[in-house]
Each structure stands twice: as C-alpha cells, then as structure tokens.
Amino acid sequence: MKDRYDHENLYWIPILILFVFLLPVFLKGVSFSYKYYLFVLNLAGIYIILNVGLDLLSGFTGLVSLGHAAFLAVGAYTSAIMVDQLGVPFSLSLILSPIIVGLFGFIIGFPALRISGMYLGLTTMGFGFIVKRIIISFREWTQGSAGLEVSSPILFGYTIKSDWDNYYLIYTFVIIAIIIGRRIANSKIGRSLMAIRDSEQAAEASGINLSQYKMLAFFISGIYAGLAGVLFAHTSSFISTDHFDILLSIYFIIMVLVGGASSIYGAVLGTLFIVLLDNLFVPLIEDQIQLLFNTQAGDIQSLIFGLIMFLFIIFQPMGLYGMWLKMRIYWKLFPFNPRQRFT
Amino acid sequence: MTDILSGISQEIISGIALGSIYALIALGFTMIYKATEVVNFAQGDLMMVGAYVNFFFVSTLLSNSGEPSTWTFLVALVCSIIFSVLFGFFLDFIINRPLKDQPIFSVIMATLSLAIIMRALVAMIAGPIALMPLSPFGDGSITFGTIVISILDLFIISSAIILVIIFYFIFHYTKWGIAMQATSEDPIAAQLMGIPIKKIYALVWIFSALVATLSGILLAPRIALLDTSMGFLGLKAFPAAVLGGFGSIPGAIVGGVILGVIETISLGTLSFHFEWIKEINDIIAWFVLIAVLMVKPDGLFGIEKVKKV
Amino acid sequence: MNKIIGVLIVIGLFGSGCVKRAPSPGITDSEILIGNVQDLSGPMKELGAIIPNGSNMYFKYINDQGGVNGRNIKMLIEDHQYNPQKAVAATKKLIEKDQVFCMFQVIGTSPCEAIRPILAETGTPLIAPATNSGTMSDLTKQAGDLIFHTDTGYDRQAEILVDYIMGKNSDAKIGLVYQDDDYGQNVLLGISRVESKYGITVQKESYQRGAVDFKGQTMNLLKGGLTDVIIAGIVREPVVIMKTAEAMNFKPNFYGTGPTIDARVGKMAGSAGEGFTATYWAYMWNSDEAGPKLYRELCEKYDIPQPYIGLYHYYGFATAMLLVEGLKRAGKNPTRNSLVKGLESFDNWESDTFPPITYSRNDHAGVDKVKLVQMQNGEQVVISDWLE
C-alpha cells in the first residue's frame, strides 16, 4: 500500500478524521444555530457518498449517468419499505439496501454495454424518469406522489433522532466510503475503468473485459447510492418522489464536475462546495439581490448554480481538485515556475 | 369497434400535432448535433425563451393598438425571429468560442448550465404572475366526420412540414448546407478546404434558435399558461430525435411524430381499456427510446460511426 | 497542502453562513418574527408571490397602528419549490437559524406533512397551512396539536359537491379528474365516502401534477357518458379540460374544488367555462361583507398592483388576520404555548373574511363549510348559501 500512495502525504488523514468528529462540538460552542449547520452537513455527507460512486462511474469510467437521483430514490424507498413495512431492522437494511440498489445498477448497466456516449446519458436520463414514475405507481407501498414517512434509524438499541446523532452516523459512513473509494480508484479496477474511458478498443486490446468492468462500475455506484439512500431516508424522516427529479441528477453531475471528475477527493470537495454554497452562502447574498430585483430565492439559486457551473467549465475544466493540483505543483516548483500559464 | 377506431383516428391526428412540436424541437437538436456533434440540452429552454419573447412582443403591441389582429401576431412573429437570430448568434459566441478545444462533454455540460441560467433569468424577468398567451387562431376548429382538429393544430402540422422541407433543402442542396455537413464530418478537413467553420457553427446555432422559437410560439397557446417549466417538454424531444436517428433531419420529424402519436393514443384509448397504462403515460417516450437504442444503438435512421482507436 | 487550502475554503464557506444569536423564540420587545415557506420558483410560484403579499399587506396595516401589543410583525419567507425535502430544510433554517416564533401559511400538503417532525421536536405552532387537505386538522398525527387549519378540507369539498349534484339529479353519472398526489388523495377520500353513501361509482381519471395535455382523460370521460364532472385541479387543468371537452362537443356540468375557484379559470376558459361551479370556504373578495371591504380599502391604500388583487391575495389577507387575532389573544408576553391557547379560545370568531371559526382543544379544523360559486357570463356569482 505504501508504494501506491507514494505521491501523497497520508499523515494528515487521521487529523482530518479527528476534525470531522470534533466539528459538531466546535459548532455547538460557536453558534446557537448549530443544529441547522449539522443538518446541512448531513445532507452534504449523504450526497458525498453518492457522488463517490457516481464519480467512479462517470468520471473514471466515462459512463455518463444523468439519472443518478433514481438510484438514490430506489435506495431510500427500498430501505423505508423494508424497515417500516417489512420489519427489517435498520442495521440489516444498511447492508441489504445498497446491495439491492447495486443489483438495480446491473439492470441499468445492461443497456450500457451497447450504448455509449451521449446516448447513454440520454438512456440514464430516461431511466431516471421511468424509475421515478414506477415508484409512484407502487402506491400501496410508496404512497404514490404523496410521500412516505420514514422511521428513525435504530442501531444497537439506540434511536438516532437528532441532527447531532445523524451527523455521526452519516459521517462514519462518509469516511469509510471515501477510503474504499480511493482504494478502488488506485487499484487495478480503477485503472481498468479509466482505460475504458479513454479508449474502449485499446482497453479491450489490452485484455480488459469491457462488459465485466462496465457492469462492475454500475454495481459499485449502485452500492454507494444505495447506502446514501438508506441514510437519506431515515435521517429525513419523510421522502417523496418530488425530490428525486432530473434536476437533482444534474446537480450530482455538477458536483462531480466542479470537484474534478476522476478524482475521489474532487467529488468530495465538489459536493461540499455546492451544498454549502447552496444552503449557506447564497442566502446571504440573496437578500442583497432581492433589494435590487423584485425576485425570488429559488431563481437566484438556480442562476448562481448555472453561472458557477458555466464558469467552471470554461475556466477550470479540471475542477476544484484540478485547481489545487496546479497550486500544489506551483508551490512545489517555487521559485522555479515556468513562465507560461498551466493549462 | 367503429367507436374505438374513430377514437384512435382522433388521437392519431392530435398526436401528429403534438408530435410536430416534438419534431421541431428535435430538428433543432439534430441540426446542432449534425454540424457540431454537440447535444444541446438547452434546446427546450430555447423554445421557452422564444415563447416568452413572443408573448412580450405581442403584449407590447397590444398595449399600443388594443385589439389583437393578424397584423399584431405577424409583427410579433417577425420581431421574435429577429430576436432568435441574434440570440442564436450570441449563444454560439459564448459556447463555442471559449470551449473550442474542450472535449465534447464539456460543451454539452455548458449547454446544460446555460439551460439552467436561461430558465432562472426568464423566471426572474417575467415575474411570478402566470402569463396567458393568445392564440392567433382563436379556438376555432374544423370537423371531418367525427374527427375534430383545431386550426392551431393544423397550422402546427403544416409549419413543421414546411420547415422540415426548407431545412432539408438547405442542408442538401445549398453551399452552406453542404459545408455544414462537411464540418460535422471532419472539422479540420473542412477548414483545410476553405470552409469558415466558425461561421458555420454560428449559422447552425442561429437556425436552431430560430426553430426553437417557432416551436415555442406554436406550443404556447396549446398549454394555456406560460411557465418556465416548458423547457422540460424539450427533454421529451430527445427520444424523438434519437428514435429517428440523431443526425438525420427526416428522422427527427418521423421520430417526433411517432412519439406524439404513441403518447396521445396511450393517454386515450389504451388508458381507457388498460388501467395500468395510466401509470406509464408520461414515460412512454423514454421506454421507446431505450427500446430503440437497445436494438439500434444509433437510432432508426442513424449511421454507425466508426472511430479510429 | 492543497487539502489544507481546500479545508480552509470549506470552512470559509461555512463560516460565512454562521450567525451568532442569543436564543429567543422570535419575540423581542419590538418584533414578532414568523416564518413562512412558499413555492417561490417551482410549479406554483405564482401563489408564492401573491399569497404572502396579501399577508404582508395586512401586517403592514397592523404595524402602522402600533403592532400587536406594541410589537411589529415581521415575516420571513423561504422557498421550497414544492419539494417536501426542501421544505424541511427551509423550516429548519427558519426555526433553528432565524429563530422564528411560529410558522405560518406553509403551502402544500406534502411540505406540511414533511415538517411535522420538526414542529413537534421544537414545539413550534403552524398557523393556517395553505392547503385544503383535511389531514391538516387531524389531531392524531404528529404535531397535530400545534397546527391550526383554516380551510375546508378537499374531502369535505368533494363530498359537498357530490351531495349537491345528487340533490339536483339523482341519476347523475359523475366523473372526477384529480391530481395524482396528496391533493388528489384527499379528494379521493371524500369521494369514496359519498360513493358508499349513494351507492354509486364515480369514474376517476388522474393526471400528474404539472401535466399540460388532457385529451386522453377528457376522451375517456366522454366515453363514460357522464353528466357531471368534478375537476380537482388548480388553474390550468380546469381550463384545458373544459376547452378540450368543448372541442369534442362534450358538455357535462363542470365543478371544481380548492384552487379552481380562481377567477382566471373562468376568464381563460371563455365560453367553455360558462357554468363552471367551484367551492369556496370564505367570503368572496369582491363581496360586500366588512372583511372584503377592508381588504379592498387596503389594496388601494398600499398600491397593490392590479394582477395581484384577487382570491389568493385575499387569502393571504384573511389568514394574516387570523394569525394576528391569535397573537393578540396570546397576551402581553406571548409564548408559543400562549399562542396555542389563544387560538383555542376562538369561539365563533367572526372575522368577516371567513365564516365564524371555532377552535378548541379537540378541534383545530377551522372552516368546514363551503359556498358554491358559478361562472355566469364571465363573472363569478355565488349561487348557494353555506353548505355542509
């Protein structure tokens, strides 16, 4: 393992983990609204888990998924139904649901074997719509479009109800997810996936079984999304199909892109950036803008998103992570930086 | 039996009208894709912008003249066309210039972000009050036996046909059109042959904006209330374009019409006789898309692309 | 190194949103802070603009007179885009970050249901949720004791309509077009009650929220040979359905529940909308009772733009009046508890905007009757008295 991660400095990881676990305490001391911030962080955490999987699928393997919100939905509803209607204990659902969604990934991955590029993006988009509608149609279990109340997680006899508890539950999994994600990315699997993205013919010629790896990519991203779905359902206590729409799928792709596709840390950073921006930063400038134009919050948020995404694509196609890689290289070489701009 | 038959015939006619609108939007996609390989996710929202802009022109003219007349609509139409040409040019400018060296995926994501921006801007500028677009043809309709078709629908169908013929002609029989095809096949070779590809790209975007605006103007009276979510109808045009084969203009029309008909029949007769169909009405288009892609990954009329390693 | 930068950026983003504030549940010496979550940019963004405007107009009127027991009312509005998850986030923000005293007028049944846990957890009352769903007044549900509903439930509206139809024509064949979500579900509840009451079957067609084409459903209704059709929609649906039906030469009696009372339904449907009858649970905004009169005076006084004036704006006004009365009864030093008690003391409270409202420990339902309003020659005319 040492030589795999040779180019990185691993010692700060335990410090970061400690920081993550101490953050709520810090927040509680600093602000009386700490519960709300934990809530935002929880949402970010759930999306991080999903996006690590999405990154492996779309960033590493190049299989564009514009319907990933459907995976999240399947995970959420599956767990909600299993726990509340079938009596499955939450801890079991944590294992079963991701697997179910992973298998579901196989179903969606199957067309991917033949369809490629933008057609695949459209197919996944179609699956997004189809899955959402099918969830509504199973009215007996899902209450249709009205939404479903979900019970709180019960782990080892302890009911996890408040945002505080949710945070620790979620972030434990976030850390595990990221570590596993990086292991996959830096392993033979990761390299094979990237080879597929760069050139299918070449990959095949090098002995990589395309079908196997593509399905594997869908399966893995399904597992991640399933885990995110379980956590999402039980910490939100109410889920409805309204949430899992095409816009959410697009947001996920944006998060991965902004962070820098084909980088696990990039996915994490992109997700954090977008979620924090959306929930904390934008409301700040919202009031100023509302004085200027007679307009409403939601539109400003969308506008800012669109603008940020657009600007990132134009100026920073490598995303946030790319930005830092560049900065890191810059500092490494300092003061011997070459004249021309890094591209 | 005749009951069902007449029901289905009615639905087919309505479906063709609906499909014509899908066809027009798909036409826009296909044109851009054919020339630049870019999938324009903002096509639906371009349509929405066109509809709003036209509404704006119509209401401004109305506030001056009072009573709506053919003249009002015509002037508004011309103004909207001029706007769409300028807007198309503008879009090409901000998308293609900065991103000319980027992989196609980036450009596609750029169109996506543009779609989001356009939707937000229009919503902000238009304000929250719902707008009621006026139909230049009123509510009149013609009846053939048991089949009723509104004049608006007739006009939609005829416009679609005319536009398709015009664009097909342009693409295959004029210098610029052939230049566009050449550019889409191989931009570098085209450049070497002296084709000004930057102008070609601009032209293609202008055409698409034009078609999108026209489809928006035609669609607006059909849906009674203008709303920025009109753009989502554009998403439905994707299956239409793919069905016909991305990159094929007649394919876009065929795809659009087939889709419109399938949707309308499923909403009507099929839903009446089979309860479960009600559940999948709005996603039939996507089922069709996936089914077609599974069988023919390049669409019904698409051409297989052979890429060098 | 870059990770540290990354972390710093994230903390910066985070810190930018942090606010340090002493805990006070929305009451200061000079101000009462209330929270509202509307659909400001989603499918019903129009309502999100108009309804709170009506409330703010009334609040301004009250504040100009010195406020409630010397305190001005300030309303914060968040956007949920009709997404229950976003509604939860917005409510959490309002309650935990902005520390509002109570929630008010939250729109949409699913959003209101979704925020029950947080209302219960923090003990925050929700006054006048902007939805006609009968489930809002269900005291057995979580936070039911904190929610005070004002509107007649959809289920009741549908029942009353069917009673009316059957009363006019005992051989009526009735159809229902409903929105396939919580709204529709509540309507179906009422319909199933009358189906068993009269031993009839109502032909049901549904549509997805936001649908724009109803040819299929209308065709099916036509095939059913129906005499009366109830449309449980909002504004666009009744218009398009009636127009489509007219084009098909299908002329049943059309009825509508809930938001279809909007005057634009008649205006946009034109001749097709002639005779359309909707249910309404308050006094018409353009009628002569004292409440509507005050409403129109205030609209003039505060220069409300023409497109805003009307049903929804009036609804904002009326519910604001209810809230203010509740706040007044909460006493000189209101607490959330005293607000709840104050509201529960409403005994046939006559506001002249709604019919008399009574609340009590066991009844948070508000109004439970409706009047029928019909389109005649392009104008809305009240054609019945209070029906229940």
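Residues numbered from 1 in each chain as written. Chains lettered and ligands numbered in written order. Predicted model: local features only at pLDDT ≥ 70, side-chain atom pairs only at ≥ 80, totals over all residues. Heavy atoms only, no water.

### Re the overall build of chain C
Rule in force here: Only DSSP runs of H or I with at least four residues qualify as helices, and only runs of E with at least two residues qualify as strands; both kinds are numbered from the N terminus onward. For a compact globule the rule gives 2.2 Å times the number of residues to the power 0.38, and the radius of gyration it is set against comes from C-alpha atoms. Here the term buried applies to any residue with accessible area under 20% of the maximum for its type, exposed to any over 50%, and partly exposed to those in between, with areas from a 1.4 Å probe on protein chains only. In what follows, residue pairs with any heavy atoms lying within 4.5 Å of each other are defined as contacts. Per-residue and other accessible areas follow the Shrake-Rupley method at a 1.4 Å probe size, with only the shown protein chains counted as cover for residues. As used throughout, the charge tally considers Lys and Arg to be positive and Asp and Glu to be negative, leaving His and the chain termini uncounted. Positions of charges follow a simple convention, taking NZ of Lys, CZ of Arg, CG of Asp or CD of Glu.
Of the regular secondary structure elements, chain C holds 13 helices and 12 strands. Computed over the C-alpha atoms, the radius of gyration of chain C is 22 Å, within 12% of the 21 Å expected from 2.2 N^0.38 for a compact globule of 388 residues. Overall size of chain C, expressed as C-alpha extent along the three principal axes, is 70 × 60 × 40 Å. A burial count over chain C gives 63% of its 388 residues as buried. Restricting to contacts in chain C with at least 6 residues of sequence separation, those with at least 24 account for 69%. Summed over its atoms, the accessible surface of chain C is roughly 13300 Å², and 50% of this surface lies on carbon and sulfur atoms. Separation between the mean location of the 38 positive side-chain charges and that of the 44 negative ones in chain C comes to 5 Å.

### Examining the environment of Gln374 of chain C
Residues and elements named next belong to chain C. Quick reminder of the rule: Distance and chemistry together define a polar contact, namely a pair of N or O atoms within 3.5 Å, with one atom able to donate a hydrogen and the other to accept it when in protein, and with adjacent residues in sequence counting only for side-chain atoms on both sides.
Looking at where Gln374 falls in the secondary structure, it is placed in strand β11 (residues 371-376). As a C-alpha pair, Gln374 and Glu274 span 100 residues in sequence and 8.2 Å in three-dimensional space. Discounting residues that sit within four places of it in the chain, Gln374 has contacts with Gly275, Phe276, Thr277, Glu379, Gln380, Val381 and Ile383. In this structure the side chain of Gln374 is engaged in a polar contact, spanning 3.3 Å, whose partner is the backbone oxygen of Gly275. Of the polar contacts made by the side chain of Gln374, one reaches the side chain of Thr277; its length is 3.2 Å.

### Some remarks on empty space enclosed by the protein
The condition is simple: Only protein atoms enter the 1 Å grid used here, on which a cavity is any set of points holding a 1.4 Å probe that cannot leave and a pocket is any open set flanked by protein within 12 Å on both sides along at least five of seven lines; residues with an atom within 4 Å of a point are listed as lining. Grid points are joined across faces, edges and corners, and a volume is the space filled by probe spheres set on the points. Classes in brief: Ala, Val, Leu, Ile, Met, Phe, Trp, Tyr, Cys and Pro nonpolar; Asp, Glu, Lys and Arg charged; the others, Gly included, polar. Domain limits in this description derive from either an automatic procedure or a database domain assignment.
Across all of its chains, the model carries six cavities of 30 Å³ or more by this definition. Taken together, 23 residues make up the lining of the largest cavity; nearest its centre are Leu47, Ala130, Thr131, Tyr154 and Pro259 of chain C. Mapped onto the lining of the largest cavity, the elements with two or more residues apiece are α2 (45-64), α7 (182-198) and α12 (311-329) of chain C. Among the residues making up the lining of the largest cavity, the classes are represented as 15 nonpolar, six polar and two charged. When residues of the lining of the largest cavity are assigned to domains, at least three map to each of domain 1 (31-152 + 286-357) and domain 2 (154-280 + 372-382) of chain C. Roughly 140 Å³ of internal volume is contained in the second largest cavity. Around the second largest cavity, the lining is made up of 16 residues, and of these Ile250 of chain A together with Phe41, Asp45, Arg119 and Leu235 of chain B lie nearest the centre. Where the lining of the second largest cavity is concerned, the elements lending two or more residues are α11 (246-259) of chain A together with α2 (43-65), α4 (104-126) and α9 (231-244) of chain B. Looking at the lining of the second largest cavity, the element that brings in the most residues is α9 of chain B, giving five residues. In terms of residue class, the lining of the second largest cavity is built from 11 nonpolar, three polar and two charged.

### Observations concerning the interface of chain C and chain B
Under the convention used in this document: Here the quantity called buried area is the total loss of accessible area, with a 1.4 Å probe, experienced by two parts when brought into contact, counted for both. By convention in these notes, a salt bridge is any Lys or Arg side-chain nitrogen within 4 Å of a carboxyl oxygen on Asp or Glu.
The interface of chain C with chain B comprises 26 residues on the first partner and 23 residues on the second. Approximately 2200 Å² of surface area, both sides summed, lies buried where chain C meets chain B, with 61% of it carried by carbon and sulfur atoms. The largest contributions to the chain C side of the interface with chain B come from Lys45, Lys223 and Arg236 of chain C, which together make up 24% of the buried area. Counting across the interface, chain C meets chain B through zero salt bridges.

### Side note on the pairing of strand β9 (residues 253-256) of chain C
Residues and elements named next belong to chain C. What counts is decided by this rule: Two strands pair under a simple rule: DSSP has to find at least two bridges between them. When the strands point away from the viewer and the path from the first strand over the helix to the second turns clockwise, the crossover is right-handed.
In terms of strand pairing, strand β8 (residues 228-232) meets β9 through four bridges, oriented parallel. Among the inter-strand pairings, Asp228 is bridged to a residue of β9, identified as Asn253. Examined bridge by bridge, β9 and strand β10 (residues 277-280) share two bridges and lie parallel to one another. Across the sheet, the residue bridging to Gly256 is Ala278, located in β10. Following the backbone out of β9, through helix α10 (residues 263-269) and into the adjacent parallel β10, one traces a crossover that is right-handed.

### Looking at the sheet that holds β9 of chain C
All names here are of chain C. Note the following rule: Orientation is described by axes fitted as lines to C-alpha atoms, over the contacting stretch for helices, and by angles from 0 to 180 degrees between their N-to-C directions.
Taken together, seven strands build an open sheet; the order of strands is β7-β6-β8-β9-β10-β11-β12 and the sheet is mixed. The sheet terminates laterally at β7 (203-207) and β12 (379-382), the two strands that pair on one side only. Mean inter-strand twist for the sheet, computed between neighbouring axes without regard to direction, equals 25°. Along the sheet face, α7 touches β6 (174-179), β7 and β8 and points at about 160° away from the line of β6.

### Some details on the domain arrangement of chain C
Note: interface size is frequently given as the accessible area lost on complex formation between the parts. Residues and elements named next belong to chain C. Once the domains are mapped, chain C shows domain 1 (31-152 + 286-357) and domain 2 (154-280 + 372-382). The C-alpha centroid of domain 2 is placed 28 Å from the C-alpha centroid of domain 1. Together domain 1 and domain 2 conceal approximately 1200 Å² of surface at their shared face, both sides included; 52% is due to carbon and sulfur atoms. When the buried surface of domain 1 facing domain 2 is broken down by residue, Asn132, Leu311 and Tyr312 rank first, second and third, together holding 38% of it. For the pair domain 1 and domain 2, the number of links is zero salt bridges. Only α4 (109-114) and α12 provide two or more residues apiece to the side of domain 1 that touches domain 2. Per element, the largest residue contribution to the side of domain 1 that touches domain 2 is three residues, and it comes from α12. In the side of domain 1 that touches domain 2, the residues fall into five nonpolar, eight polar and one charged.

### A look at the pattern of salt bridges
Applying the stated criterion across every chain yields a total of 18 salt bridges over all chains. The closest approach of N and O atoms between Arg197 of chain A and Asp198 of chain A, which form a salt bridge, is 3.3 Å. The partly exposed category is assigned to Arg197 of chain A, whose relative accessible area is 32%. Among the ionic pairs, Lys93 of chain C bridges to Glu78 of chain C, the shortest N-O distance being 2.9 Å. Pair noted here: Lys93 of chain C is in helix α3 (residues 84-97) and Glu78 of chain C is in strand β2 (residues 72-79), with a separation of 15 residues, a long-range link. Relative accessible area serves as the criterion here: at 8%, Lys93 of chain C is assigned to the buried category. A network of salt bridges, in which partner residues are shared, links Asp155, Arg156, Glu159 and Arg193 of chain C.

### Focus on the packing of helix α5 (residues 151-173) of chain B against helix α6 (residues 175-185) of chain B
Residues and elements named next belong to chain B. Cut-off, in case you're wondering: Roughly parallel covers angles under 35 degrees, roughly antiparallel covers those over 145, roughly perpendicular covers 65 to 115, and oblique covers all other angles.
Their axes nearest at 5 Å, the elements α5 and α6 cross at an angle of 75°. Viewed along their axes, α5 and α6 adopt a mutual orientation that is roughly perpendicular. Seen from α5, the contacting residues are Ile170, Phe171, His172 and Tyr173; seen from α6, they are Lys175, Gly177, Ile178, Met180 and Gln181. Each residue belonging to the contact of α5 with α6 can be placed in one class, and the counts come to five nonpolar, three polar and one charged.

### With respect to unusual backbone geometry
Residues and elements named next belong to chain C. Of note in this structure, Gln81 is not a glycine but carries a positive phi near 50°. In this structure Gln81 comes out as partly exposed when scored by relative accessible area, which is 23%. In this model, Ala128 sits at a positive phi of 55°, which is unusual for a non-glycine residue. For Ala128, the location among the structural elements is in the loop between β4 (126-127) and β5 (147-148).

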